[in-house]
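# Structure assessment
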Amino acid sequence: MISWMQKHKKYLVVTIWISTIAFVGAGFVGWGAYKPGMGNSDTIAKVGSLEVTNKDLQAKYSNIYNYYNKIFGGTLTKEKAKELKLQEVALNQLFNDMLLLNYAKDLGIIVSDKEVLKEIANIDAFKVGGVFSESRYNSILQNLGTTSYDFKEQIRRSLTIDKLFKALNLPATNLEQRSIFATLYLQDKIKYKILSDKELDLSASDEEIKKYWEANKAKYKSQRKYSLDLVKVNAKDINVTKNDIETFYNEKKFLFKDKSGKILPLEKAYEDVKHAVQLKKAKKEILKKYLKLKNKKISPEESIVVSNMNAKLPMQKVVKAKVGEYIRAIQTPYGYACAYLKEIIEPKELTFDKAKTLAKADLLAKKKEQALKILGEKAIKDFSDAKESGFFTRDDVTKLNFLSKSEAVEFLNYLFSQKSKKGYYIFANKVVAFEIIDQKLFDKNLFDKNKEKVVQGVNTLKRREIESGLIQRLQKIYTIKKYYSEKG
């Protein structure tokens, strides 16, 4: 994912419309990489007649981070974000927004307070039982660390930019629709042969395994291990009152929902709310113990050695620590822990006896891949006994009933990315040889069925091109003055 995104940085563009509305309530993520350069002012730049504040930039970064975190399935870390240069993406996107807002201002495009309020009232995150809730609205904005005024201005900017592009919108022509359709819905018909690894006789002698291990010793190492002194707080041991639970629920009830997204009443969410309160108090307690441990006022409760393969607690903070450092507030399945990192035991090359099983598996996998490749090369020379498919598009996973759903996705992506008429694709346990025998560029029934999606695709592409060209033009019209400097 990261390599693809780094290669296609021009697509790392998130419009303010998406980032402002789609990720309300996702949580604020800041980075603080820039500091203003105009005395005590929060202004970091000026684009045309509009000022850009550090607050704008932090909000933009937070929203873009949450956008890509969703793409990464919630696994995006700040380190990955830095690698992807999301800070730079946020800054450039914010400047682009300001260029567009300058242009909209000069064109006389305005958004009324009524339009802003209507848009906010339609945001699902602010609704309770399908109706806008002012208390929920205020609570979410407070958690996001923003004010109602600032949020309304973000929405106003979103609607202004949206109005601008609607004014510049060019409807998709019939030729454009057919061209995009042909690209998205090209249909292939193939002959195919499936050759299983069951036909292969794979084995490896001890001599072969040892030779392979000796050539690849660096691959087979022990895990890096961490020796820790630990102090723990079990959340279940924390006493909480009914009042504690009710207060927490009233403040954070939007965190407790059923499968349909409706907020659970306290009686149904009681145990979850109680545990959340216990965790909150456990964190406060572990911070007290952390200070005592650091000041040697208490002794460790346990000494452990852990690795990523044998982790008795989350390792994110442990792997970042240095020997001699104290680690505070590590959330664990039972509550919280703090630790002192005594030693890092570096990985060592495994002996042949310890690496033999791993080396044998790798050698056999290599042999299998080579054997399947030979089968594939042989198969594409003769399709006389091959089977024949019907017509299918890149998305017709279910039509390839000779493959599982996940295999069909892999195969279709490979097939429709190839220029060759013949080829083969190697799976873990088989090879599929194929020959394209017919193609359809246009199917009227399929076109009519997917016309709405095609038009949407054309409009998206045209908007992207219009935006790109317009931004380049506006950069020549409106001056961008930068007042910030990077924090060291």
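Numbers given for residues are sequential positions, taken from 1 along each chain in its written order. Only residues with pLDDT of at least 70 are given local features in this predicted model, and only at 80 or more are side-chain atom pairs given and counted; all residues enter the totals for whole chains, interfaces and linings. Working from all heavy atoms in the structure, the side-chain values ignore hydrogens and water.

## Observations concerning the overall build of the protein
What counts here: Secondary structure elements are defined from DSSP: runs of H or I of at least 4 residues count as helices, runs of E of at least 2 residues count as strands, and each element is numbered from the N terminus. We take the radius of gyration over the C-alpha atoms and set the globule estimate at 2.2 Å times the residue count to the 0.38 power. Note on exposure labels: buried denotes an accessible area under 20% of the residue type's maximum, exposed denotes more than 50%, and partly exposed covers the range between, all computed with a 1.4 Å probe on protein chains only. Contact criterion: two residues are considered in contact whenever any of their non-hydrogen atoms come within 4.5 Å of each other. All accessible-area figures derive from a Shrake-Rupley calculation using a 1.4 Å probe, and residue coverage is judged against the displayed protein chains alone.
A count of helical and extended segments in the protein gives 16 helices and 15 strands. For the protein, the C-alpha radius of gyration of 29 Å lies well beyond 23 Å, the compact-globule estimate for 488 residues. Dimensions of the protein along its principal axes, counting C-alpha atoms only, are 75 × 70 × 50 Å. Residue burial in the protein is summarised as follows: out of 488 residues, 39% are buried. Pairs at least 24 apart in sequence give 76% of the contacts found in the protein among residues at least 6 apart. Of the roughly 29300 Å² of accessible surface on the protein, 49% is carried by carbon and sulfur atoms.

## Notes on the environment of H275
Take H275: it is sitting in helix α12 (residues 266-294). Between the C-alpha atom of H275 and that of K236, which follows or precedes it by 39 residues, the distance is 7.6 Å.

## Side note on unusual backbone geometry
With a phi angle near 60 degrees, K85 is a residue other than glycine that sits in the positive phi range. By secondary structure assignment, the location of K85 is in the loop between α4 (78-83) and α5 (86-107). Even without glycine at this site, K296 takes up a positive phi of about 60 degrees. If you trace the backbone, K296 turns up in the loop between α12 and β8 (302-306). Look at K296 and you get exposed, because its relative accessible area is 66%.

## A closer look at the pattern of salt bridges
The criterion, for reference: Salt bridge, as applied in this entry: a Lys or Arg side-chain nitrogen positioned within 4 Å of an Asp or Glu carboxyl oxygen.
A complete count under the given rule lists 22 salt bridges for this structure. K399 is paired through a salt bridge with D396; the nearest N and O atoms lie 3.7 Å apart. A network of salt bridges, in which partner residues are shared, links D113, E153 and R156.

## Comments concerning the pairing of strand β6 (residues 187-196)
How we decide: Whether two strands pair depends on DSSP finding at least two bridges between them.
Note that β6 and strand β13 (residues 430-440) share 10 bridges and pair antiparallel. Within β13, the position partnered with K191 by the bridge is E435. Relative to strand β11 (residues 387-388), β6 runs antiparallel, the two being bridged by two bridges. Residue Y192 lies in a different strand from β11, and its bridge partner there is K387.

## With respect to the nonpolar core
Taken as a class, soluble globular proteins show a tendency for nonpolar side chains to be buried jointly. Condition: Among buried residues, those of type Ala, Val, Leu, Ile, Met, Phe, Trp, Tyr and Cys that are joined through side-chain atoms within 4.5 Å constitute a nonpolar core.
In this structure, I44, V52, L76, L86, F95 and L100 are the most contacted members of the largest nonpolar core, which totals 33 residues. Looking at this core, the elements that each hand over two or more residues are β2 (43-47), α3 (54-71), α5, α8 (148-167) and α16 (444-477). Element by element, the count of residues in this core is highest for α5, at 11 residues. Among the nonpolar cores identified, the runner-up in size contains 23 residues, and A235, F248, F256 and V273 belong to it.

## Brief notes about the packing of α8 against α16
To keep it simple, the criterion reads: As a rule, the C-alpha atoms of each element are fitted with a line to give its axis, helices using only the stretch in contact, and angles between N-to-C directions run from 0 to 180 degrees. Any angle that falls under 35 degrees is termed roughly parallel, while one over 145 is termed roughly antiparallel, one within 65 to 115 roughly perpendicular, and all others oblique. The classification used treats Ala, Val, Leu, Ile, Met, Phe, Trp, Tyr, Cys and Pro as nonpolar, Asp, Glu, Lys and Arg as charged, and all other residues, Gly among them, as polar.
Taken N-terminus to C-terminus, the directions of α8 and α16 make an angle of 105 degrees; their axes are 11 Å apart at the nearest point. Classed by the angle they form, the pair α8 and α16 counts as roughly perpendicular. Residues I161, D162, L164 and F165 of α8 form the contact with α16, whose own contacting residues are R463, I466, E467 and L470. Among the residues making up the contact of α8 with α16, the classes are represented as five nonpolar, no polar and three charged.

## Overview of the sheet that holds β2
Adjacent strands of a sheet form backbone hydrogen bonds with each other and so pair up, either parallel or antiparallel. Pairing in this open sheet of three strands is antiparallel, and the strands run β3-β2-β14 from one edge to the other. Of all the strands in the sheet, just β3 (50-53) and β14 (480-482) have a single pairing partner and so form its edges. Going from strand to strand, the sheet's axes swing by 20 degrees on average, the running direction of each strand aside. Relative to β3, β2 runs antiparallel, the two being bridged by four bridges. Counterpart to A45 in the pairing with β3 is V52. α3 contacts β2 and β3 of the sheet and is inclined by roughly 65 degrees relative to β3. Along the sheet, α5 makes contact with β2, β3 and β14, crossing β3 at roughly 160 degrees.

## Overview of helix α11 (residues 242-252)
Threshold: Each direction from the helix axis to a C-beta atom contributes to the arc, which is the arc of those directions.
Every buried residue belonging to α11 is among I245, F248 and Y249, and all of these are buried. Down the axis of α11, the smallest arc covering the buried residues is 100 degrees, so these residues share one side. α11 presents N243 and N250 as exposed residues on the side facing more than 90 degrees away from its buried surface. Packed against the buried residues of α11 are α12.

## Concerning the sheet that holds β13
Pairing is antiparallel across the open sheet formed by four strands, whose spatial order is β11-β6-β13-β12. Looking along the sheet, the strands with just one partner apiece sit at the ends: β11 and β12 (422-426).

## Regarding α3
Three or four residues apart is the spacing at which side chains of an α-helix point the same way, because the helix has 3.6 residues per turn. Put simply, the test is: A helix is expected to reach a length of 1.5 Å times the quantity of its residues less one.
Between its first and last C-alpha atoms α3 spans 26 Å; for 18 residues at 1.5 Å apiece the expected length is 26 Å, and the two agree. Extensive coverage of α3 is indicated by the burial of 14 of its 18 residues. Looking one or two residues beyond α3, the residue adopting positive phi is G73, at roughly 70 degrees.

## Details of the confidence of the model for the protein
Heads up, the rule is: Values of pLDDT, the confidence the predictor places in each residue, fall between 0 and 100.
Overall, the predicted model of the protein reaches an average pLDDT of 85, with 91% of residues at or above 70. Every residue in residues 1-19 scores below 50 in pLDDT, and together they form 45 contacts with partners more than four places removed in sequence or on other chains.

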